[in-house]
Amino acid sequence: MPKTKILTLTEEFKAQDILSLDQFDTPSLIHLFSATLKIKALTQKGKVLDLLKGNIAALIFYEPSSRTFGSFSAAVKRLGGETIEFQNPAQTSSVAKGETLEDTIRTLEAYSDVIIMRHPEKGAAKKAAEAAFFVPIINAGDGIGEHPTQALLDMFTIYEKFGSLDNLTILFAGDLLNGRTVHSLLRGLALFQNITVYLLSPKSLTLSREDKTMFERRGLKLIEIHNSLDMPKNADVWYWTRVQKERFKNLKDYERVKHSFIVTTDLLKERAKKNMIIMHPLPRVGEIENAVDKDPRAIYFTSQIKNGMYLRMALLGLVLGKLK
Amino acid sequence: MPKTKILTLTEEFKAQDILSLDQFDTPSLIHLFSATLKIKALTQKGKVLDLLKGNIAALIFYEPSSRTFGSFSAAVKRLGGETIEFQNPAQTSSVAKGETLEDTIRTLEAYSDVIIMRHPEKGAAKKAAEAAFFVPIINAGDGIGEHPTQALLDMFTIYEKFGSLDNLTILFAGDLLNGRTVHSLLRGLALFQNITVYLLSPKSLTLSREDKTMFERRGLKLIEIHNSLDMPKNADVWYWTRVQKERFKNLKDYERVKHSFIVTTDLLKERAKKNMIIMHPLPRVGEIENAVDKDPRAIYFTSQIKNGMYLRMALLGLVLGKLK
Amino acid sequence: MPKTKILTLTEEFKAQDILSLDQFDTPSLIHLFSATLKIKALTQKGKVLDLLKGNIAALIFYEPSSRTFGSFSAAVKRLGGETIEFQNPAQTSSVAKGETLEDTIRTLEAYSDVIIMRHPEKGAAKKAAEAAFFVPIINAGDGIGEHPTQALLDMFTIYEKFGSLDNLTILFAGDLLNGRTVHSLLRGLALFQNITVYLLSPKSLTLSREDKTMFERRGLKLIEIHNSLDMPKNADVWYWTRVQKERFKNLKDYERVKHSFIVTTDLLKERAKKNMIIMHPLPRVGEIENAVDKDPRAIYFTSQIKNGMYLRMALLGLVLGKLK
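Residues numbered from 1 in each chain as written. Chains lettered and ligands numbered in written order. Predicted model: local features only at pLDDT ≥ 70, side-chain atom pairs only at ≥ 80, totals over all residues.

Caption draft 1: Quick look at the overall build of chain A. Of the regular secondary structure elements, chain A holds eleven helices and nine strands. Its C-alpha atoms give chain A a radius of gyration of 20 Å, near enough to 20 Å, the size a compact globule of 324 residues would have. Principal-axis analysis of the C-alpha atoms places the extent of chain A at approximately 60 × 45 × 40 Å. Each of the 324 residues in chain A was classed as buried or not, and the buried ones make up 52%. (Helix = DSSP H or I, 4+ residues; strand = E, 2+ residues; numbered from the N terminus. Rg over C-alpha atoms; globule rule 2.2 N^0.38 Å. Buried ≥ 20, exposed ≤ 12 C-beta atoms within 10 Å, placed from the backbone.)

Caption draft 2: Summary view of the environment of Thr157 of chain B. All names here are of chain B. Counting through the fold element by element, Thr157 comes out in helix H6 (residues 148-162). When the 26 C-beta atoms within 10 Å are taken as the criterion, Thr157 is described as buried. C-alpha separation for the pair Thr157 and Gln304, spaced 147 residues apart in sequence, amounts to 6.2 Å.

Caption draft 3: A look at the relation of the copies chain A and chain C. When chain A is fitted to chain C, the residual RMSD is 0.0 Å, and the transformation amounts to a turn of 120° plus an axial shift of 0.0 Å. Look at the turn and shift together and you get a three-fold axis relating the two. Considering only C-alpha atoms, the residue of chain A closest to the rotation axis is Glu82 of chain A, which sits at 5.2 Å. (Least-squares fit on C-alpha atoms with pLDDT ≥ 70 in both.)

Caption draft 4: Highlighting the interface of chain B and chain C. In this assembly, 23 residues from chain B lie in contact with 21 residues from chain C. The residue inventory of the side of chain B that touches chain C, partitioned by class, reads eight nonpolar, nine polar and six charged. (Contact = placed C-beta atoms within 7 Å. Nonpolar A, V, L, I, M, F, W, Y, C, P; charged D, E, K, R; others polar.)

Caption draft 5: Summary view of the packing of helix H6 (residues 148-162) of chain A against helix H11 (residues 300-319) of chain A. Residue and element names in this part refer to chain A. It is the contact of H6 with H11, at a shortest axis distance of 9 Å, that shows an interaxial angle of 110°. With respect to H11, the element H6 is oriented roughly perpendicular. Taken as a pair, H6 and H11 cross one another with a handedness that is right-handed. Between H6, through Thr149, Leu152, Leu153, Phe156, Thr157 and Glu160, and H11, the contact on the second element is made entirely by Ser303, Gln304, Asn307, Gly308, Leu311, Arg312 and Leu315. Counted by class, the contact of H6 with H11 contains five nonpolar, six polar and two charged residues. (Axes fitted to C-alpha atoms, helices over the stretch in contact; angles between N-to-C directions. Parallel < 35°, antiparallel > 145°, perpendicular 65-115°, else oblique. Left-handed = near helix turned anticlockwise from the far one by under 90°.)

Caption draft 6: Representation of the interface of chain A and chain C. With 21 residues of chain A in contact, the opposing surface of chain C contributes 23 residues. Sorting the residues of the side of chain A that touches chain C by element identifies helix H2 (66-78) and H11 of chain A as the ones contributing at least two each. Sorting elements by how many residues they give to the side of chain A that touches chain C places H2 of chain A first, with eight residues. Taken together, the residues that form the side of chain A that touches chain C break down as nine nonpolar, seven polar and five charged.

Caption draft 7: Molecular detail of the pairing of strand E2 (residues 82-87) of chain C. Residue and element names in this part refer to chain C. Across the six residues of E2, six count as buried, placing the element largely inside the fold. Along E2, one buried face is formed by Glu82, Ile84 and Phe86 and the opposite face, lined by Thr83, Glu85 and Gln87, is buried too. Sheet topology note: the strand E1 (residues 56-61)/E2 ladder contains six bridges and is parallel. In the strand pairing of E2, Leu59 is matched with Glu85. On the question of chirality, the crossover connecting E1 to the parallel E2 by way of helix H2 (residues 66-78) is right-handed. (Pairing = 2+ DSSP bridges. Right-handed = clockwise from strand over helix to strand, strands pointing away.)

Caption draft 8: Expanded view of helix H5 (residues 124-131) of chain A. Residues and elements named next belong to chain A. The set of residues buried in H5 consists of Ala124, Ala125, Ala128, Ala129 and Ala131. Down the axis of H5, the buried side of the element spans an arc of 160°, and every buried residue falls inside it. The inward-facing, buried residues of H5 contact helix H4 (101-111), strand E3 (114-119) and strand E4 (137-142). (Arc of directions from axis to C-beta.)

Caption draft 9: Main features of the nonpolar core. Ranked by size, the top nonpolar core spans 305 residues in total, and within it Ile115 of chain A, Ile115 of chain B together with Ile115 of chain C carry the most contacts. With residues near it in sequence (within four places) discarded, Ile115 of chain A still touches Ala58, Ile60, Ile105, Leu108, Glu109, Ala128, Ala132, Val135 and Ile137 of chain A. (Core = buried A, V, L, I, M, F, W, Y, C linked by C-beta atoms within 7 Å.)

As structure tokens, then:
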């Protein structure tokens, strides 16, 4: 039986491709987060879940990504499933012989129950989903396109901490012009009520005016700032990303602003409230001081990554029809 | 207890190396195909087979092959077994330190219950089988040598469709001079009765005269043609392979004949009967139009690849003594 | 709960990092070897052990090593556990994006219950152990530093053969100046009683004087020889390693001595007693003649490699608290 077409998810995830955050509405997100909470609680109690016993997930990563690859691989195995894994298939597979992406996907679906793909080209995940006749595709990042499970795990982490995604003040810092992670997350947050977003970036790396207008129309309250001195003291979340030196036309501009884009213990003392969390999509390359790691509010290693695994476990359980 | 020597298989596969199609006689093929039908039926009913629980298969692939690698890996795991996997070991292993193939095999057999190997050199599988003291070797392709499981899965696919391998008309198209896949399959078909084979190739790429004589002596009825206009309308199977541009001395020759070596919906309308199947070993690079994929007679994606997995499951079950 | 600090092991292995042979005292070694004997006996009887069911081991190998990689991977799987595997992560992961080793480890520990790491830099395993908050690190080789499980499996192999590690005569041959394997093993042997060690090496590649003094202080009786004619006839163990041509300043020196550093059937006839064993850490590149492999005293393929897997199974069981 061929797959149904790509749908907007409500509460029914079974056999659906997961390509974009835009497929999700608010109830479907809450449904996914509840499933994740359940899976996390059971796993942490030491319960061995065998939901995916007898299932095989194909992981095909055309681009390096230890974090996402490891997270999905562990998610499958923690549920009792198995994987077949292809890293850099351009070097190790029929791709080297000139096979199209579509044919590769048609082959993989013969062996597996779900295909998890990372690809450097925007739109590749959709292409794969259209090629697959029988099994769902999960987009693990398609270049400058989307990386929906990253946004989902970030939202879940905030949801878990505050019990809701409504009525929050969230600060994003970094390169807001080019950062895919931030854009996805903003789209997801726009599905919730009464969210104030501070956007801390160099002036040359603010959100594009189109994106700003679009997010405001969707209901987010946006406040742009350019210096850490303007940071609010009541933010519930600091979501930090990297400002790449290479984005600046001249080095002096970079040197002038860079101190505003590094989380230090001092900055925390001055600007962070007690009951907040510091997040980062990782890898970091210097934009959060190591000394900050010990602060209990820094949860990028202690919760955020692990939540990625739990969220992917829940998503796989739902998509493969093993969870309701 | 050391392994026994490489044997001709009758119905006893246990602990045998699987190196060449020449090991098989007609009853052993039928035995393998019956086991494959059983495994396929059980798996498709959703039964989780644990035949290989506690067993480890070592997959060592000295050459890229996503299709065969994935198929074997999935086969082991669908039977409840585990794999240890080495892709491109020349870059990631002791091979880089100058170890002989024999020593590598002796090492792998210490960790595993069966070794599945692809290697670029003809004869490498036999070398490995002679080196291994305790565990069987399965040849997953040794350069221009053999790739027995490909021929076996092809034969099984025909057997499954027609209930028998006797009394069939089969058309092979492509480069019949150099194509390893075709040669193996012809050797296998020669074990059955009353088979007519049409051989469609450019004149410069016909079967060698030696091979032609040999296959005729083994009982195949061979008819050579060079143009799609001469194709019979009663073929039960079209087995299509690629004609490589590089094989032609001058480009004009290639341009003149190439249209005869591409399967199109038009060609199907003109030359194919209703109850036939179109097969291809894959990957394809243009020699079957994408539009053909939707034709129910096109089974390269829908049955052929999946049958590869089921056949390898049956073979592993038999070789490891878990199936009779 | 954060991990405790790196401890000297007594009989309590649970949750401990395994970084160096120096962590072990005599009772802890005997404890590990007894556990290994038990695991080996059960596995060889065909018992499927599910000690690690529900556990995930992360294998991260920054350097090629088919032998150690395969051994650990098989060890985890033979115990019913699962792995997530990264070979050459510099090419396939966040390492390529400039992530520190510490951050990579913090990420991996979010997905796994134990991390097994090989790294080209001395001290990397200790660094990783300090970075990991929650899960133990097992050193699978850190450059010219240590490779403790190699020394442990070698000691276990001798222990299994002779029922004890006391009162033995052991011959080491090869490059004793640079050989990491030999140095580790000598350190381990020094924990036992009444051990005589013959050291056969070219004059330019003897143990450094410091090392010699150190090992003698620790109680080993050392006898240096430079020619196979001086080999004792009563050695219980020949532990053979490679003399690299490149270590010699001029080729003539190498040519003059090389015959003394190759095990041949003739050398065995002349110098080896009946109830002894020939060991090699592998890979070998010519320093043991292939004809020697058939001698029952040559156990590098038949016992030594396999013991590596069993020892790693026992170690994993102990460290993960599944064995006492």
